[in-house]
Amino acid sequence: LIMVTMMFFGIENYMQRRPDDYLARVEGPRKAFGLLAGQVRDINERQFRESFDRARNSERAAKGKDFDAAGFETPANKRKVLDDMIDDALMALAAERAGIVASDSMVQHAIMDEKAFQDANGKFDKTQYALTLQSINMTAQKYQDSVREDLVSRLLPRELAVTEFAGNAELDSY
């Protein structure tokens, strides 16, 4: 039996340890009596770095000349950013499980209503949109995905509130 197993799977799978390439993994419940893997969201180093840079830039914009870049690089700030990313991943898993999605038209309306992309008359300006995305080093698709995720994360609590099936224990655990 051991030889047959080795023929199909090879001994290297038992001897080599694969390094994981994520900083955090958020897993949903397993399916089919615990045999099949559930939903999984990995947070890798690149995603963390981008999120941390956004948090740093936001803090810099809020504090202006009083911002201390070296003081911002504390383990506590890094942990807060990672915790926020884990919370977002949990919200995304819960929304996916509940079947909550943001349609393309919802994403389009959210982008067109964004003040940063509007001209002096309050109308959406494609040039301003492209320049703003270029200044933050983000593609249009990546920005649309982030807007979609944001919309879904705002829809989830609203959908939970209108179901009326959630009791106090469910709301506390949420």
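Our structure is the block above this text.
Rules used in this analysis
- Sequence positions are assigned chain by chain, starting from 1 and proceeding in written order.
- Given that the model is predicted, a residue must reach a pLDDT of at least 70 before its local features are reported, and side-chain atom pairs must reach 80 or more before they are shown or counted; all residues, however, enter totals for whole chains, interfaces and linings.
- Only hydrogens and water are removed before side-chain values are computed, so all heavy atoms of the structure are retained for them.
- We define a salt bridge as a side-chain nitrogen of Lys or Arg found within 4 Å of a carboxyl oxygen belonging to Asp or Glu.
- Where helices and strands are cited, they refer to DSSP runs of H or I of at least four residues and of E of at least two residues respectively, numbered from the N terminus.
- Accessibility here uses a 1.4 Å probe with only protein chains present; expressed as a share of the type maximum, an area under 20% marks a residue as buried, one over 50% as exposed, and anything in between as partly exposed.
- The reported arc concerns the directions from the helix axis to the C-beta atoms and nothing else.
- Only rings of Phe, Tyr and Trp enter the pairing, Trp through its six-membered ring, and a pair is recorded when the two centres are within 6.5 Å. The plane angle decides the type: under 30 degrees is stacked, over 60 is edge-to-face, the rest tilted.

Digging into the pattern of salt bridges
(1) Moving on: Using the criterion set out here, one finds 13 salt bridges in the structure.
(2) Moving on: With a shortest N-O distance of 3.0 Å, Glu-50 and Lys-142 are connected by a salt bridge. In this pair, Glu-50 is assigned in helix 3 (residues 45-63) and Lys-142 in helix 8 (residues 140-163), connecting sequence segments 92 residues apart.
(3) Moving on: Put simply, Asp-150 and Arg-154 hold a salt bridge, and the shortest N to O gap is 2.9 Å. Of this pair, Asp-150 and Arg-154 both sit in helix 8, four residues apart, roughly one helical turn.
(4) Moving on: When its relative accessible area of 37% is taken as the criterion, Asp-150 is described as partly exposed.
(5) Moving on: Shared partners join several salt bridges into a network, and the residues in it are Arg-49, Asp-53, Arg-56, Glu-73 and Lys-78.

With respect to helix 7 (residues 126-135)
(1) Moving on: All buried positions along helix 7 are accounted for by Tyr-129, Thr-132 and Leu-133. The arc that holds the buried residues of helix 7, viewed along the axis, is 95 degrees, so those residues lie on one side. Facing away from the buried surface of helix 7 by more than 90 degrees, the exposed residues are Thr-127, Gln-134 and Ser-135.
(2) Moving on: Phi for Asn-137, located one or two positions after helix 7, is positive at around 60 degrees.

Things to note about the packing of aromatic side chains
(1) Moving on: In the structure shown here, the tally under the stated rule is seven aromatic pairs.
(2) Moving on: When the ring of Phe-48 is compared with that of Phe-52, the centres are 5.9 Å apart and the planes differ by 25 degrees; the resulting orientation is stacked. In this pair, Phe-48 and Phe-52 are both assigned in helix 3, four residues apart and thus about one turn of the helix distant.
(3) Moving on: For Phe-52, a relative accessible area of 0% puts it in the buried group.
(4) Moving on: Seen in terms of ring centroids, Phe-67 and Phe-72 are 5.9 Å apart; in terms of plane orientation they differ by 50 degrees. Their pairing is tilted. Comparing Phe-67 with Phe-72 shows no difference in burial state: the two are buried.

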